[in-house]
Amino acid sequence: MKLGVFDSGLGGMLIASAIRDQFADIDMLYLGDTLHLPYGNRSAETIFQYCKASMDFMFAQGCRLIIVACNTASATALRRLQQEYLPERYPDRRILGVVVPTIEEALDKGYKRLGVIGTNYTVSTNVYEEELKKLNPEIHIKQQKSPLLVPLIEHGGQAWLDDVMDHYIEPMISGDGLEALLLGCTHYVLLKDRLRAHYGFDVMSQDEIIPPKLVQYFDNHPEIYRDLTHNGFSEFYLTDINENYQQSASEVCGVDVELKLAEL
Ligand code: DGL
């Protein structure tokens, strides 16, 4: 069986690539719901329905475990997927998100002044602040909706990225400053080097967080790891494909990627 990685678009390929670096031989299936991208401005019910259709596709293709790499989907739909959808449709399969492992990492690091950036939807759910404060009420969190970053990354707006990042981040570092900035969106992995070069705080990037957390998960759930096949295959599905995606997907993965169309 396969390990699935799901995102609303191509950004999750950065997480899939990092997982591939950690696990060279497990068979992986990636699905990006490009037909419905971006999720960040949609309603909770719509995001849940889109996720459900995507999970159906991935489980039908033989996924044992699916990582929802999209922060917007993890923040919005994951609980319902785990509590309503899985028991009814696929009780023996598993779905994990990226919010809980990222929160665990922030707590392990002991940060007290943490910034969070994400899509409008992710920040408005308040999921990072609520969950972190539940476990450590002393953490001081500054959040910032950063809706322009994904379109700039997706549409070749690199020349404006530094200015836009400054625009979002300067207000967060006024006063006491930040010890660390949590990148709460798949696409922001691409910004981590710029952020590290420009600012003095630590940068929490999910491509560095998720693979070691998955190692721990498999240690605790050897029965899931055992069910995965180990031929080193990667399959990449999108719900809509154009030439742009073809080129971006190969750039993100660092190798030529054959994209297949998923009809949900
Ligand atoms: N993949 C989404 C996330 O991680 C960002 C893009 C979107 O809005 O769909 O939040």
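Residues numbered from 1 in each chain as written. Predicted model: local features only at pLDDT ≥ 70, side-chain atom pairs only at ≥ 80, totals over all residues. Heavy atoms only, no water.

Chemist: Explain helix α9 (residues 158–173) residue by residue, including any values.
Modeler: In this model, α9 (16 residues) spans 23 Å end to end at C-alpha, consistent with the 22 Å of a helix rising 1.5 Å per residue. The largest bend along α9 reaches roughly 30° and is located at H167, with the proline P171 sitting one to four residues downstream. Listed as buried for α9 are L161, V164, M165, Y168, I169 and M172. Packing partners of the buried residues in α9 comprise β5 (113–118), β6 (140–145), α8 (149–154), β7 (180–184) and α10 (192–198). Immediately downstream of α9, the backbone of G175 shows phi near 80°, a positive value. (Helix = DSSP H or I, 4+ residues; strand = E, 2+ residues; numbered from the N terminus. Expected span 1.5 Å × (residues − 1). Bend = angle between axes of the 7 residues up to and from the residue. Buried < 20%, exposed > 50% of the residue type's maximum accessible area, 1.4 Å probe, protein only. Contact = heavy atoms within 4.5 Å.)

Chemist: Mind laying out the site of the ligand, listing which residues take part and the relevant values?
Modeler: Lining the immediate environment of the ligand, one finds 13 residues, of which D7, S8, Y39, G40 and T72 sit closest. D7 has a polar side-chain atom sitting 2.8 Å from a nitrogen atom of the ligand. At 3.0 Å, a backbone N or O of N71 approaches an oxygen atom of the ligand. Within the complex, 99% of the 300 Å² of free accessible area of the ligand lies under protein. Across the shell around the ligand, the residue classes tally to 5 nonpolar, 7 polar and 1 charged. (Near = heavy atom within 4 Å. Polar contact = N/O pair within 3.5 Å; in protein donor to acceptor, adjacent residues only side chain to side chain. Areas by Shrake-Rupley, 256 points an atom, 1.4 Å probe, with all protein chains shown as cover. Nonpolar A, V, L, I, M, F, W, Y, C, P; charged D, E, K, R; others polar.)

Chemist: Lay out the pattern of salt bridges in plain terms, naming residues and giving numbers.
Modeler: Close approach of charged atoms lets side chains of opposite charge pair. All told, the structure shown has 16 salt bridges when counted by the stated rule. One salt bridge connects E105 with K109, and the closest N-O pair in it is separated by 3.9 Å. On the criterion of helical spacing, the pair formed by E105 and K109 is a turn pair, its members being 4 residues apart in helix α5 (residues 99–109). Its salt-bridge partner being D108, residue K213 comes within 3.9 Å of it at the nearest N-O pair. Here D108 lies in helix α5 and K213 lies in helix α11 (residues 206–220), a separation of 105 residues in the sequence. The buried category is assigned to K213, whose relative accessible area is 12%. (Salt bridge = Lys/Arg side-chain N within 4 Å of Asp/Glu carboxyl O.)

Read these as geometric descriptors, not functional statements.
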